[in-house]
Amino acid sequence: MRNVLIVLAVLGLKFILLAPLAGMAMPAVPAFVPMHQSALIGSNLLTGILLLGHVRTNRSWSLGILTLGYLFTALIALAHLLTFPGLFASHGVPIGNGQTTPWLFMVWHALFPLFVLGYARRYRRPLPDHFLRVGVLLTTLFVALLVLLCTSGAPYLPALTDQHRFLPSYRALGLAVLALSLFALWRITCKRPRALLDVWLMVAMTAWVAELMLSCLLNSGRYDLGFYAGRLYGLAASLLVLGAVAIDNIALHARLRETFEEMIEMRARARWQSLLGSVLRQLPDGVLIVDREGRCVMANDQAEHMAARFEHAARDGTPGPAAMLALLREPVARAIEGKPFRDAMLESVANDGRRVYAVSGAPLRDGAAELAAAVIVLDDITESTEASAALARALDQARYLIENTPLAVIEWDRDFIIRLWNRRAEELFGWSAGEAVGRRIDALPVVHEEDAGKVAGAIGRLLDSATRYVKSTNRNRTRDGRILCCEWYNSVLHDEHGAIDRVFSLVLDVSEREAAMEQLKDADRRKDIYIATLAHELRNPLAPIANAASLLRGRGLPQERIEWIAAMVGRQTAQMSRLLDDLLDVTRISRGKIELRRAPLELGRLLRDTLQTSMPQIEAGRHATELDLCDEPVWVEADALRLTQVLANLINNAAKYTPPGGRIAILLKKEGGEAMVRVSDNGIGIEPAMVDRVFDAFVQVSSASHLAQGGLGIGLSLARGLVELHGGRIGAHSDGAGQGSAFTVWLPAIRPPQPAPGTAEGPGAAASLRKRILVADDNVDAAESLAWLLRTEGATVEVAHDGAAALRLFNERPSEIVVLDLGMPEMDGLEVATILARRTPKPCLVAVTGRGRQEDRAASLAAGFDAHFTKPVAPQELIELLKKF
């Protein structure tokens, strides 16, 4: 405190002497400015760096703000130096005018007290980690902005000087800055608690006030006595804080070093003191120290724990260690006499089981010769004893596992001599253990000759000293000539010298797995082909539909062209629907979820009708057709739609895969209670390898791909599934490529049914649809097109595009029929149907959706729907249904 008062007294005395003479003109010394500014920049940067160390230590907001204040001062002092007129350029390096430097000086001296005020405040929370990084960036950008304002904006700033003379505006602005600095000085003076830095910052602010009074208020312009003295006061203010912070850092480091050294010394002393005391207590063995009379003078924790198990053996109530020593009287006596021992054993039985201890002892000597005591060490060998027994049991178990494992186990030594050949190896390869053990493993013909090189490479890697495990897969031969695919898991055991001692080979037969993998790979290839074909086949109908949409946008199309477009769109939609139906049918059949609507069916009539529907394709190929039906009608109980699907597929395939001008023969006859239908052709035929696979899903004969005319390769798979659901079977035959093919279907035949009475016809198809209908679908095109179609039939139709809107429209104007899509936003079709099904009177609810699974139909009926259609729905079928309600 005394030093502070001395500095304040010196600063005040010099100010009193200089104040009356502040306006005295002095010689212009331009070199003074760079010298002063450089010293000021350096001192402020050093002060900020030293303060930064304190900030990282105590995370103080106050010190963080003060650090940014000194960085700001250093940067703006640099800007002041560079813009000072006449030093580096007539108006400074950043081109301004005569007002740039005075304005920078005033902004500098106005803003630094604000940082001091920020330092004087109290803060409860610690400084954030990112404060200084962000603060340094913002401070630098702020100084750059100030320089830009005082250079580029200098012509627009009020004048503060006239040449080297100060104007009244400069005095007024300096007076305001002086008032702000005095307020900052007062806040620092009132700061509590007060640190050493606070005291010297108070002195520095006093010098700062003196600088402002000498260089802004009491002098008359540049290069007078006040100008020089004020700059020196500012430098003194910076150096005072720098010195205080430096001294505080030196003292802090000295204190830290002393504290660290004291801590290291205390830790070392405590460590060595505790180490000696804890060594015996932490030993895993029990340790007893006995004197020359055989009395226990020290026992560690393990020994006390062990001795407690022997207290029951003491007859006179002596504590545990004494009772344990009584059992070891003879060996302990030998140790006291100077003869160590290692062969004593102790055994105890308590509630927690049996424990076994190995006891050893040695004499302790005082000095060089005189015996002082003996140390007795007890080692609990219960676990090792039990481990030995467990090891024996484990060896027995290992022998049992080796003999009964599903893996073939072969052990051979470094000379390739087989030492072990288990039961599974006998079963797998066919040689008995007596025939294999003692022979070289490479002498047995177990390796397929084509894989000999691969096996030699695996053995070479196995014999490499750096390799301990090698897995290989190769083909093997059995004694009876069968070929197996096996995985060999080979492990090497080395002796103490690092040489190969034993090789264990575990052999797993993976023949079935490899075959299954090949089937999976083939299925995956067929799946890829199917996906590509599906994408192609679904895009094909989209192209003409898109063209039709473009044509319909035109004006003035003739009626016949519109009808042609409508027919074309219908054909392409039917094609897409057929592709999707085939795919769904295959899935349903594989899951057993397809339903058949069986009824007595005359197979000859069905064949004629099916052939008629396939005639366009037959005529396009200019094929000759022979239909050979039996004289008597052949009846079966079948689903007419599904059976037509089967027969049409066979006839269409015959037309597709027969070159133009071919022959197609269709035969129907009855054999042994079965109806047989055979469709044969003289087309491209089937390769023998493909005859058994043509009924697999997504399989197409590669040689016939150029004749396929589209399709997913699932038609025959679908046909087989449908025939089997009817209780029949289907087969294929071909003499080879180019020899034609024949597909035969066998179905159980039934007796001709009795004729059923006719039913009255329903209302005519021409009946008008005079109903109020609500259509709800989030697909705008689907909803609007269906509404337009229903209006042409005479219906009054309203349209909604989500479930909530449909419910609102129905509440406002109830409809007789509601057509709902299931997947809609806001509320789906099932939710809307559940609500409308409880209304009185209940409207007719029809689901028109892309969901066609059996589960979806069941969910629709449970929600109250009266009918369920899967998109794309045949318009006439939907209209006919709606007319019945």
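Residues numbered from 1 in each chain as written. Predicted model: local features only at pLDDT ≥ 70, side-chain atom pairs only at ≥ 80, totals over all residues. Heavy atoms only, no water.

Novice: So, the overall build of the protein: which residues are in play, and what are the values?
Specialist: A tally of regular secondary structure across the protein gives 25 helices and 24 strands. Buried positions account for 41% of the 885 residues belonging to the protein. With the model as given, the accessible surface of the protein reaches about 48,000 Å², and the carbon-plus-sulfur share is 58%. (Helix = DSSP H or I, 4+ residues; strand = E, 2+ residues; numbered from the N terminus. Buried < 20%, exposed > 50% of the residue type's maximum accessible area, 1.4 Å probe, protein only. Areas by Shrake-Rupley, 256 points an atom, 1.4 Å probe, with all protein chains shown as cover.)

Novice: With reference to specific residues and values, describe the nonpolar core.
Specialist: Core analysis: the biggest nonpolar cluster contains 69 residues, and Phe72, Trp108, Leu197 and Leu201 have the highest contact counts within it. Breaking this core down by element, the ones donating at least two residues are helix 1 (2-18), helix 2 (32-58), helix 3 (61-83), helix 4 (100-120), helix 5 (131-151), helix 6 (168-190), helix 7 (196-217) and helix 8 (225-282). With 15 residues, helix 7 is the single largest residue contributor to this core. In this structure, Leu201 is in contact with Leu66, Tyr70, Val116, Tyr119, Ile188 and Val241, ignoring residues within four places of it in sequence. Counting 36 residues, the second-largest nonpolar core is a separate cluster that includes Val646, Ile651, Val679 and Ile686. (Core = buried A, V, L, I, M, F, W, Y, C linked by side-chain atoms within 4.5 Å. Contact = heavy atoms within 4.5 Å.)

Novice: Outline the packing of helix 3 against helix 5, listing residues and values.
Specialist: Closest axis-to-axis distance for the helix 3/helix 5 pair is 10 Å, and the angle between their directions is 30 degrees. It follows from the interaxial angle that helix 3 and helix 5 lie roughly parallel. As for how helix 3 packs across helix 5, the hand of that crossing is right-handed. Each of Trp61, Gly64, Ile65, Leu68, Leu71, Phe72, Leu75, Ile76, Ala79 and Thr83 in helix 3 lies in contact with helix 5, whose residues at this interface are Phe131, Leu132, Gly135, Val136, Thr139, Thr140, Phe142, Val143, Leu146, Val147 and Thr151. (Axes fitted to C-alpha atoms, helices over the stretch in contact; angles between N-to-C directions. Parallel < 35°, antiparallel > 145°, perpendicular 65-115°, else oblique. Left-handed = near helix turned anticlockwise from the far one by under 90°.)

Novice: Please set out the packing of aromatic side chains residue by residue, giving values where relevant.
Specialist: According to the stated counting rule, one finds 11 aromatic pairs in the structure shown. Aromatic pair Tyr70 and Phe112: ring centres 5.4 Å apart, planes at 75 degrees, arrangement edge-to-face. In this pair, Tyr70 sits in helix 3 while Phe112 sits in helix 4, placing the two residues 42 residues apart along the sequence. Pair check on accessibility: Tyr70 and Phe112 agree, each one buried. (Phe/Tyr/Trp six-rings, centres within 6.5 Å; stacked < 30°, edge-to-face > 60°.)

Novice: Please provide a residue-by-residue account of the state of the cysteines, values included.
Specialist: Taken as a whole, this structure holds zero disulfides when the rule is applied. Here Cys485 is not cross-linked by a disulfide; its sulfur's nearest cysteine counterpart is in Cys486, at 6.8 Å. Exposure remark for Cys485: the relative accessible area of 18% places this residue in the buried category. (Disulfide = S-S within 2.5 Å.)

Novice: Explain the sheet that holds strand 21 (residues 796-800) residue by residue, including any values.
Specialist: Ordered in space as 21-20-22-23-24, the five strands form an open sheet in which the pairing is parallel. Whereas interior strands pair on both sides, the edge strands pair on one side only; in this sheet they are strand 21 and strand 24 (867-870). Recorded for the sheet is a direction-independent mean angle of 20 degrees between the axes of neighbouring strands. Here helix 21 (residues 780-792) sits on the sheet and contacts strand 20 (772-776), strand 21 and strand 22 (817-820); the angle it forms with strand 21, its principal contact strand, is near 175 degrees. Sitting on the sheet, helix 23 (residues 829-836) is in contact with strand 22 and strand 23 (844-849), with an inclination near 160 degrees to strand 22. (Pairing = 2+ DSSP bridges.)

Novice: Tell me about the confidence of the model for the protein, residues and numbers included.
Specialist: Looking at the protein, the pLDDT average stands at 80 and 86% of residues meet or exceed 70. Low pLDDT, under 50, characterises residues 702-712; the stretch is placed with 22 contacts to residues that sit more than four places away or in other chains. In the model, residues 758-767 has pLDDT below 50 throughout and makes four contacts with residues more than four positions away in sequence or in other chains. (pLDDT = per-residue confidence, 0-100.)

Novice: So what's going on with unusual backbone geometry? Residues and values would help.
Specialist: Trans is the common state for peptide bonds, and a negative phi is the common state for residues other than glycine. Cis rather than trans, the peptide bond between Thr840 and Pro841 has omega equal to 0 degrees. Mapped onto the elements, Pro841 comes out in the loop between helix 23 and strand 23. With a phi angle near 70 degrees, Phe416 is a residue other than glycine that sits in the positive phi range. By the element assignment, Phe416 lies in the loop between strand 8 (408-413) and strand 9 (418-421). For Glu826, which is not glycine, the phi torsion reads 65 degrees and is therefore positive.

Novice: Kindly report on the environment of Thr658, identifying the contributing residues and their values.
Specialist: Tracing the chain through its elements places Thr658 in the loop between helix 19 (640-656) and strand 16 (663-671). Of the residues examined, Thr658 reaches a relative accessible area of 5% and is grouped as buried. For the pair Thr658 and Ser741, spaced 83 residues apart in sequence, the C-alpha separation works out to 9.6 Å. Not counting the four nearest positions on each side in its chain, Thr658 is found in contact with His623, Arg663, Asp681, Asn682 and Gly683.

Novice: I'd like a description of the pairing of strand 24, backed by residues and values.
Specialist: Sheet analysis places strand 23 next to strand 24, joined by four bridges and oriented parallel. Opposite Ala847, over in strand 24, you have His868 as the bridge partner. Note on the crossover from strand 23 through helix 24 (residues 854-863) to strand 24: the handedness is right-handed. (Right-handed = clockwise from strand over helix to strand, strands pointing away.)

Novice: Residues and numbers for the sheet that holds strand 12 (residues 500-509), please.
Specialist: Read from one edge of the open sheet, five strands run 9-8-12-11-10, paired in antiparallel fashion. Single-partner strands in this sheet number two, and they are strand 9 and strand 10 (469-477). For this sheet, the mean angle separating the axes of adjacent strands, direction not counted, is 25 degrees. Taken together, the six bridges between strand 8 and strand 12 define a ladder with antiparallel strand orientation. Considered in strand 12, the bridge of Glu411 is made with Phe504.

Novice: Would you mind going over the environment of Leu182 in detail, with residue names and values included?
Specialist: Here Leu182 shows up in helix 6. Leu182 sits in the partly exposed class, given a relative accessible area of 40%. Separated by 27 residues in sequence, Leu182 and Val209 have C-alpha atoms that sit 6.9 Å apart.

Novice: Tell me about the pattern of salt bridges, and name the residues and values.
Specialist: A pair can form between side chains of opposite charge whenever their charged atoms are brought close. Counted under the stated rule, the structure contains 22 salt bridges. A salt bridge links Arg419 to Asp413; its shortest N-O distance comes to 2.9 Å. The exposure class of Asp413 is buried, given its relative accessible area of 6%. When the shortest N-O distance is used, the salt bridge between Arg424 and Glu427 registers 3.6 Å. One end of the pair, Arg424, and the other, Glu427, are both in helix 13 (residues 423-429), three residues apart, so they sit about a helical turn from each other. Given the relative accessible area of 24%, Arg424 is considered partly exposed. (Salt bridge = Lys/Arg side-chain N within 4 Å of Asp/Glu carboxyl O.)

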